[in-house]
Amino acid sequence: MAEYKGLFHIDESAKWGLLLTNVENTLKSGEEMELAVVANAEAVRDFAQEGAIRERMSKLAAQGVSFSACRNALQGNNVDIPSLPDFVQIVPAGIVELIKLQTAGFCYIKP
Amino acid sequence: MAEYKGLFHIDESAKWGLLLTNVENTLKSGEEMELAVVANAEAVRDFAQEGAIRERMSKLAAQGVSFSACRNALQGNNVDIPSLPDFVQIVPAGIVELIKLQTAGFCYIKP
Amino acid sequence: MAEYKGLFHIDESAKWGLLLTNVENTLKSGEEMELAVVANAEAVRDFAQEGAIRERMSKLAAQGVSFSACRNALQGNNVDIPSLPDFVQIVPAGIVELIKLQTAGFCYIKP
């Protein structure tokens, strides 16, 4: 079990660049870290768009970072769920996931 | 006692719509949740304005969600405290309330 | 040891005024509080600029509030580290510091 657990919350698409830089720098720190990213609201749209942001997500997922998307938000933003990349986990409600992960010891960060 | 406790922080009026949608979806999740909303800075003004936002707050309050307003912020924003709806609790300092509730096991969320 | 511990995160320069007001009001509350501020991203630039914001930081530091700056962000924003005021502590990675302090019992606040 990792010594430290970090939980990143994003609900604005414009914050993806900053969030991914935060996660990349945290992984480079050399600390043993378990990291999770939970997206809700409009920020879930970016999972469905090819490009530099999704390539960075994919690389981080390959390094063990988890990415979750709120199903309510996917539906509200008309995102085609079957077309999402495999590294995205769908959770029933993003806020509930944020509360459950914090209850399990993850430390909340909102970039 | 609820299994999970969520604490929503708001300090920007523009975020009320998103925050209330978050709270509504969390209640619909079917998880046993105790939910609190703490407002400070300009976001306390919305407690004093009739309209759709306050109707949504009122419905959530009736379902057990607590709403607190920072007294410093109410005074700094010239809000007429006696005219606030009954469901709003006045706390001496919003940040202190956020720290006390987290210390009591509430999980912080900033929409 | 203080009964309550508050941890303020800032990554946008525009939020310094609000954050410092939050910290000032928290200190005035009369509660026994240990308070830390961690800055990353563009928000670290303000440590290098003379003016009203830095004077307020300096007064709070003299009252025991700690201020930390992310080294990654200082370098990324071309801030001249040796010229920073003495009250600023440099940490290797701001997000790691936020996770470590929360793990040590600090309650996260993002103004």
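The structure this text deals with has already been given above.
K.L.:
Help me understand the pairing of strand S2 (residues 33–39) of chain B, please; the structure alone is not making it clear to me.
P.N.:
Two faces, one strand: in a regular strand the side chains alternate between the faces of the sheet. All names here are of chain B. Within S2, six of the seven residues are buried, which leaves the element mostly enclosed by the surrounding structure. Alignment of strand S1 (residues 4–10) against S2, held across seven bridges, turns out to be parallel. By the bridge assignment for S2, leucine 7 is matched with alanine 36. At this point the chain moves from S1, through helix H1 (residues 16–28), to the parallel S2, and the crossover so formed is right-handed. Where S2 and strand S3 (residues 66–70) come together, four bridges link them in parallel fashion. What sits directly across from alanine 36, in S3, is serine 66. At this point the chain moves from S2, through helix H2 (residues 52–62), to the parallel S3, and the crossover so formed is right-handed.

K.L.:
Even after reading the chapter, I still don't get the relation of the copies chain A and chain C, so can you show me in this structure?
P.N.:
Here two copies of a chain appear, and what relates them is a rotation about an axis with a shift along it. When chain A is brought onto chain C, the operation consists of a screw motion whose angular component is 120° and whose axial shift is 0.0 Å, with 0.0 Å RMSD remaining. Expressed as a symmetry operation, the mapping of one chain copy onto the other fits a three-fold axis.

K.L.:
Honestly, the interface of chain B and chain C in this entry has me stumped. Any pointers?
P.N.:
Frequently, the measure chosen for interface size is the accessible area that the parts lose on association. Every contact between the two is made by 15 residues of chain B and, on the other side, 18 residues of chain C. Around 1,300 Å² of area is buried between chain B and chain C when both sides are counted, 68% of it from carbon and sulfur atoms. Seen at the junction of chain B and chain C, the total is one salt bridge. Among the ionic pairs, C:Glu31 bridges to B:Lys100, the shortest N-O distance being 2.7 Å. If you look at where chain B meets chain C, you find four residue pairs in polar contact (both at pLDDT 80 or more). The dominant element in the side of chain B that touches chain C, judged by the number of residues it contributes, is helix H4 (residues 94–103) of chain B, at seven residues. Of the residues in the side of chain B that touches chain C, the class split is six nonpolar, five polar and four charged.

K.L.:
Help me understand the packing of helix H1 (residues 16–28) of chain A against helix H2 (residues 52–62) of chain A in this model?
P.N.:
To characterise two packed helices, one gives the angle between the axes of the helices and the distance between these axes. Residues and elements named next belong to chain A. Here H1 crosses H2 at 25°, and the two axes come no closer than 11 Å. Taken together, H1 and H2 sit at an angle that is classed as roughly parallel. In this structure, H1 crosses over H2, and the sense of that crossing is left-handed. Within the contact between the two elements, H1 uses Trp16, Gly17, Leu20, Thr21, Val23, Glu24 and Leu27 and H2 uses Ile53, Arg56, Met57 and Leu60. Residue composition of the contact of H1 with H2, grouped by class: seven nonpolar, two polar and two charged.

K.L.:
Whenever I open this one, the pairing of strand S4 (residues 88–91) of chain A confuses me. Can you help?
P.N.:
Residue and element names in this part refer to chain A. Across four bridges, the pairing between strand S3 (residues 66–70) and S4 is parallel. Looking at the pairing, serine 68 lines up with glutamine 89 of S4. Assessed by its sense of winding, the connection that carries the chain from S3 through helix H3 (residues 71–76) to S4 is right-handed.

K.L.:
Help me understand the sheet that holds strand S3 (residues 66–70) of chain C in this model?
P.N.:
Backbone hydrogen bonds are what pair the strands of a sheet, in a parallel or an antiparallel way. Residue and element names in this part refer to chain C. In space, the five strands of this open sheet follow the order S4-S3-S2-S1-S5, with parallel pairing throughout. Of all strands in the sheet, those bounded by a partner on one side alone are strand S4 (88–91) and strand S5 (107–109). Strand-to-strand twist of the sheet, defined as the mean angle between neighbouring strand axes without regard to direction, takes the value 30°. Lying on the sheet, helix H1 (residues 16–28) is in contact with strand S1 (4–10), strand S2 (33–39) and S3; it crosses S2 at an angle near 170°.

Analysis parameters
Residues numbered from 1 in each chain as written. Chains lettered and ligands numbered in written order. Predicted model: local features only at pLDDT ≥ 70, side-chain atom pairs only at ≥ 80, totals over all residues. Heavy atoms only, no water. Buried < 20%, exposed > 50% of the residue type's maximum accessible area, 1.4 Å probe, protein only. Helix = DSSP H or I, 4+ residues; strand = E, 2+ residues; numbered from the N terminus. Pairing = 2+ DSSP bridges. Right-handed = clockwise from strand over helix to strand, strands pointing away. Least-squares fit on C-alpha atoms with pLDDT ≥ 70 in both. Contact = heavy atoms within 4.5 Å. Buried area = accessible area lost by both parts, 1.4 Å probe. Salt bridge = Lys/Arg side-chain N within 4 Å of Asp/Glu carboxyl O. Polar contact = N/O pair within 3.5 Å; in protein donor to acceptor, adjacent residues only side chain to side chain. Nonpolar A, V, L, I, M, F, W, Y, C, P; charged D, E, K, R; others polar. Axes fitted to C-alpha atoms, helices over the stretch in contact; angles between N-to-C directions. Parallel < 35°, antiparallel > 145°, perpendicular 65-115°, else oblique. Left-handed = near helix turned anticlockwise from the far one by under 90°.

Read these as geometric descriptors, not functional statements.
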